[in-house]
Structure formats: structure tokens, C-alpha cells
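# Coordinate inspection notes
One-letter residues, chain by chain:
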Amino acid sequence: MNILVIGKYGQLASCLRDVISMQTEITDKHVWHFAPSKELNISERKSVQQAFAKFSPDIVVNTAAYTQVDKAEEEIEQAIAVNQLGCKNVAIACANLNIPLIHISTDYVFSGDNQSPYSPGDKTCPKNVYGLSKYLGEQEVMTYLSQFVIIRTAWVFSEYGNNFVRSMINLAQQKRQFGVVNDQIGNPTYAGDLALSIVDIVDAISSGTKKWGIFHYNGATSVSWYEFAKEIFALAEQNAVIDEYPDISPIGTEDYPTLAKRPNFSAMCNDKIFERWRVRPSDWKRGLLKVIRHQQSS
Ligand SMILES: NC(=O)c1ccc[n+]([C@@H]2O[C@H](COP(=O)([O-])OP(=O)(O)OC[C@H]3O[C@@H](n4cnc5c(N)ncnc54)[C@H](OP(=O)(O)O)[C@@H]3O)[C@@H](O)[C@H]2O)c1
């Protein structure tokens with residue numbers, strides 16, 4: 001089968017390329033095409049049509065998104081152009097070929113007022129432009145397609161791009177003392193685990209499994225950013241990625257003002273994706289060790 005992955009150099013797309021390059025049975029079975037934004041700009045309908053004509057996909061995986069949460073507050077049009085209208089273009093192109101779409105969304109579609117992990121059917125209420133644009137993208141996918149797997153993920157980190165793990169390590173290399181937000185709770189997700197799960201879902205779809213809908217995929221356990229930072233620094237110190245464990249203190253959201261408001265609690269329940277697709281939640285502590293060891297060797 002021809003699998004078209006939209007996005008090539010982002011965190012998730014890079015991890016997907018790694019997973020595929022390590023699993024020969026996957027490359028033997030399917031041909032994977034990765035389209036960077038230069039080649040396939042989802043905001044432009046013509047660009048989407050041309051790429052679909054070129055690759056003749058049987059299944060599409062959309063990893064592309066406008067992901068700058070704070071900047072989106074000022075670049076509303078750009079965020080909507082990619083995250084809503086881009087999704088619409090991709091969904092229409094999939095509908096025209098009658099093929100399924102695996103689309104990635106976010107925990108930021110929720111307000112953060114829940115007391116227990118969010119289930120896929122829970123009420124959405126985004127608090128910022130990025131979350132709203134991703135919510136509208138989900139709506140477009142559901143409007144135009146019946147064959148879709150929307151995977152909401154959260155707090156994604158990897159060996160690639162900008163993410164919290166890499167930012168914390170950079171910060172600790174520059175500063176001895178700083179505060180980290182302790183009143184926002186979520187479940188970190190190693191992009192390598194999500195990539196592996198997407199490959200398994202693609203494979204199941206190619207074998208005839210049709211379990212369409214919205215699913216949640218994140219780590220199995222919740223932490224605050226401060227607790228996550230402590231895990232990062234402990235492993236970074238053990239693996240000599242930083243010289244010394246920094247002097248960090250827990251701070252409140254009000255002490256770290258950002259342009260975009262964020263949910264205080266965005267942990268999501270992984271049960272549905274496990275029940276339907278048999279994929280296990282991200283083992284983020286193991287993923288963190290991989291990323292730290294990668295930092296050590298680079
Ligand atoms: N990172 C997180 O913490 C997080 C949390 C929850 C959900 N998610 C979701 O997970 C998915 C993957 O995120 P990620 O962390 O891999 O993001 P990322 O590293 O920022 O990568 C996003 C990719 O989207 C591409 N892109 C942007 N605009 C595009 C356009 N108009 N047409 C085609 N491609 C375009 C970018 O390509 P260029 O580099 O060429 O511009 C980039 O490769 C996204 O849907 C995101 O919303 C991420």
C-alpha cells in the first residue's frame with residue numbers, strides 16, 4: 001500500500017521515519033512517502049491535490065500543523081489556515097479518493113477543568129487560539145470523512161525539534177537557578193512511542209480493521225511541568241548531559257506569564273485506543289532516557 005505522511009522534518013514525522021527505517025517488515029509491506037511542507041503545503045488546496053495525484057495514497061497520516069502555541073495568539077490567520085483549512089483540504093482530498101486519514105490533534109482542545117483524565121467523548125472547550133484551530137481541524141475531518149482516526153496527544157517530546165525536554169536541558173546548561181510551573185498537569189508522550197502506534201494502526205487498517213473515531217494517546221502517568229523537569233534533570237545528571245542538577249523551584253502559572261492560556265489539567269485517558277487498536281500508552285520515562293542518551297551522544 002502507498003502511505004502518504006504529510007510532514008517530514010517535524011518531531012513526529014522524524015520519529016516515524018526512524019521507526020520505519022528500523023522495521024524492514026513495514027517497508028516490505030508498504031511504501032511510505034514523506035512530504036515536507038515545501039512539497040505539500042496543506043493550506044493550499046492545489047498543492048494537496050498535486051501531491052495526492054503524485055503519490056496515489058491508500059492511507060494518509062497528517063502530522064503537519066501550526067504548533068507555536070503562544071505565537072498563534074498573534075498569528076490567528078496562519079494558525080487557522082494550517083490547522084483548520086489545511087485539515088479541510090486534506091480531508092476533502094481523502095474523501096475524493098475514498099481513503100482513510102489518520103490525523104493528529106491535541107489535549108489543548110480541553111479547558112482543563114476536569115478532575116480526572118479526559119475521555120475522547122468529553123466536552124471540548126479550547127482556552128487558546130492553537131487549541132481552537134486544532135478543534136476546528138477535527139471538525140473538518142469529521143465533516144468530510146467517515147474513515148478517520150483522530151489521535152489527540154499531549155506534551156510531546158523527542159530527540160528532534162523544540163520540545164520541553166530539550167528546552168530544559170538547554171536552560172540548565174545556561175542557568176543555575178530557575179522556576180518551573182507546578183500547577184499545570186499533563187501526561188508526557190514520547191513521539192517515538194506515538195510513531196510506533198501509528199505504524200501499528202496503519203498496518204491494522206491495511207489488513208481491514210475499521211475502527212474509526214477520536215482517540216487519546218499520551219503517557220500513562222501524569223506530572224506537572226515541575227515534576228517532569230525533575231525527572232529530566234535527574235537522568236541528565238546521571239548521564240552527564242548536564243554538569244550539575246540545577247536549583248529549580250516550583251512556581252505557579254501566574255509567575256510564568258505566556259501569551260496563550262493553557263489548561264491546568266489536560267491528562268487524557270488512553271483506554272479507548274488500547275481497546276480498539278491494541279496500542280499501549282507511551283512509556284514516557286523510557287522515552288525520556290532514550291532522548292537523554294541521544295543528547296549525550298550528540
Ligand atoms: N508538540 C507537542 O507537544 C504536541 C502536543 C499535542 C499535539 N501535538 C500535535 O502533534 C502533531 C505533530 O506535532 P510535532 O510536535 O511533530 O510538530 P512540529 O515538530 O512542530 O512539526 C510540525 C510540522 O508541520 C509542518 N507544517 C507546518 N505548516 C505546514 C503546512 N502549511 N503544510 C504542510 N506542513 C506544514 C512543518 O513543516 P515545516 O517544518 O516544513 O514548516 C513541521 O514539519 C501536530 O498535529 C500537533 O498539533 C503536538
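See above for the structure.
Below you will find a few notes about this structure. (Residues numbered from 1 in each chain as written. Predicted model: local features only at pLDDT ≥ 70, side-chain atom pairs only at ≥ 80, totals over all residues. Heavy atoms only, no water.)

## What to know about the overall build of the chain
We count it as follows: Numbering of helices and strands starts at the N terminus; helices are DSSP runs of H or I of at least 4 residues and strands are runs of E of at least 2. As a reference, a globule follows 2.2 Å times the number of residues to the power 0.38, and the radius of gyration itself is taken over C-alpha atoms. Accessible area is worked out with a 1.4 Å probe on protein chains only. A residue is then buried under 20% of its type maximum, exposed over 50%, and partly exposed in between. Only heavy atoms enter the contact rule, under which two residues are in contact if any of them lie within 4.5 Å. Here the open area of atoms and residues is found with the Shrake-Rupley method and a 1.4 Å probe, where only the protein chains shown may cover a residue.
Check the secondary structure of the chain and you find 10 helices and 12 strands. Since a compact globule built from 298 residues should have a radius of gyration of about 19 Å, the 19 Å found for the chain is in line with a globular shape. With the principal axes as the frame, the chain shows a C-alpha extent of 55 × 40 × 35 Å. Evaluated residue by residue, the chain yields a buried proportion of 53% over its 298 residues. Long-range pairs, those at least 24 residues apart, make up 83% of the contacts in the chain with a sequence separation of at least 6. Entry remark: accessible area of the chain is about 13,600 Å², with carbon and sulfur atoms responsible for 47%.

## Some thoughts on the nonpolar core
Quick note on the threshold: Put simply, buried Ala, Val, Leu, Ile, Met, Phe, Trp, Tyr and Cys residues joined by side-chain atoms within 4.5 Å make one nonpolar core.
Formed by 66 residues in total, the largest nonpolar core has its most connected members in F228 and I232. Top element by residues in this core is helix α8 (residues 225-238). It accounts for eight residues.

## Thoughts on the site of the ligand
The condition that has to hold: Nearness of a residue to a molecule or strand requires only that one of the residue's heavy atoms be within 4 Å of it. N or O atoms closer than or at 3.5 Å make up a polar contact, with two conditions inside protein: a donor-capable atom paired with an acceptor-capable one, and, for residues adjacent in sequence, both atoms drawn from side chains. Charged means Asp, Glu, Lys or Arg here, nonpolar means Ala, Val, Leu, Ile, Met, Phe, Trp, Tyr, Cys or Pro, and polar covers whatever is left, Gly included.
Near the ligand, the surroundings consist of 23 residues, among which S37, N41, T67, Y130 and K134 are the closest. For the ligand, an oxygen atom lies 3.1 Å from a polar atom in the backbone of A65. In the model, an oxygen atom of the ligand is placed 3.2 Å from a nitrogen or oxygen of the I104 main chain. Its free accessible area being 900 Å², the ligand has 78% of it covered by the protein chains. For the shell around the ligand, the elements supplying multiple residues, two or more each, are α1 (11-22), β4 (101-106) and α5 (129-144). Looking at side-chain class alone, the shell around the ligand contains 12 nonpolar, 10 polar and one charged residues.

## As for the pairing of strand β3 (residues 59-62)
Stated precisely, the cut-off is as follows: Strands qualify as paired when DSSP identifies two bridges or more between them. Clockwise travel from the first strand over the helix to the second, with the strands pointing away from the viewer, marks a crossover as right-handed.
Side-chain alternation along β3 places I59 and V61 on one buried face and V60 and N62 on a second face that is also buried. Of the strand pairs in this sheet, strand β1 (residues 2-6) and β3 are connected by four bridges, and their pairing is parallel. Bridge pairing in β3 places I3 opposite I59. Both β3 and β4 contribute to a ladder of three bridges, which runs parallel. If you follow N62 over to β4, its bridge partner there is H103. In this view, the connection linking β3 to its parallel neighbour β4 by way of helix α4 (residues 76-97) has right-handed handedness.

## Let's talk about the side chain of R152
Considering the arrangement of structural elements, one finds R152 in strand β5 (residues 148-153). A polar contact is formed between the side chain of R152 and the side chain of E138, at a distance of 2.7 Å. The residues contacting R152, other than those within four sequence positions of it, are S105, T106, V109, F110, P120, T124, E138, I214, F215, H216, Y217 and M268.

## Quick word on the packing of aromatic side chains
Given two aromatic rings, their pairing is described by the distance between the two centres and the angle made by the two planes. So the rule is basically this: Only Phe, Tyr and Trp rings are paired, with Trp represented by its six-membered ring, and only when their centres lie within 6.5 Å; those with planes under 30 degrees apart are stacked, over 60 edge-to-face, the remainder tilted.
What the rule picks out here adds up to 12 aromatic pairs. When the ring of Y108 is compared with that of Y130, the centres are 6.3 Å apart and the planes differ by 85°; the resulting orientation is edge-to-face. One end of the pair, Y108, is in the loop between β4 and α5; the other, Y130, is in helix α5, and 22 residues separate them in sequence. Both residues of the pair, Y108 and Y130, belong to the buried class. Geometrically, the ring pair formed by F228 and W284 is edge-to-face, given 5.3 Å between the ring centres and 80° between the ring planes. With a gap of 56 residues between them, F228 in helix α8 and W284 in helix α10 (residues 284-297) connect regions that are remote in the sequence. For F228, a relative accessible area of 1% corresponds to the buried category. Taken together through their ring pairs, the aromatic side chains of W155, F157, F164, Y190, W225, F228 and W284 make up a single cluster.

## A short note on the packing of α4 against α5
Let me state the cut-off plainly: Each axis is a line fitted through C-alpha atoms, taken for helices only over the stretch in contact, and angles between the N-to-C directions span 0 to 180 degrees. When describing relative orientation, an angle under 35 degrees is termed roughly parallel and one over 145 degrees roughly antiparallel, while 65 to 115 degrees is termed roughly perpendicular and anything else oblique. Take the far helix as your reference; a near helix turned counterclockwise from it by less than a right angle gives a left-handed crossing, and one turned clockwise gives a right-handed crossing.
Closest axis-to-axis distance for the α4/α5 pair is 8 Å, and the angle between their directions is 15°. Classified by the angle their axes make, α4 and α5 are roughly parallel. Here the hand of the crossing between α4 and α5 comes out right-handed. Two secondary-structure elements touch here, α4 through I76, A79, I80, N83, Q84, C87, K88, A91, I92 and A95 and α5 through V129, Y130, S133, K134, L136, G137, E140, V141 and Y144. Counted by class, the contact of α4 with α5 contains 12 nonpolar, four polar and three charged residues.

## Some words on the sheet that holds strand β10 (residues 213-216)
Reading across from one edge, β2-β1-β3-β4-β5-β10 is the order of the six strands in this open sheet, with parallel pairing throughout. Each edge of the open sheet carries a strand with a single partner, namely β2 (31-35) and β10. With strand direction ignored, the average angle separating the axes of adjacent strands in the sheet is 20°. Alignment of β5 against β10, held across four bridges, turns out to be parallel. From the neighbouring strand, V149 faces β10, where its bridge partner is G213. Contacts from α1 reach β1, β2, β3 and β4 within the one sheet, and its direction differs from that of β2 by about 155°. Its contacts with the sheet place helix α7 (residues 191-206) against β1, β2, β3, β4 and β5, and it is angled at close to 170° to β5.

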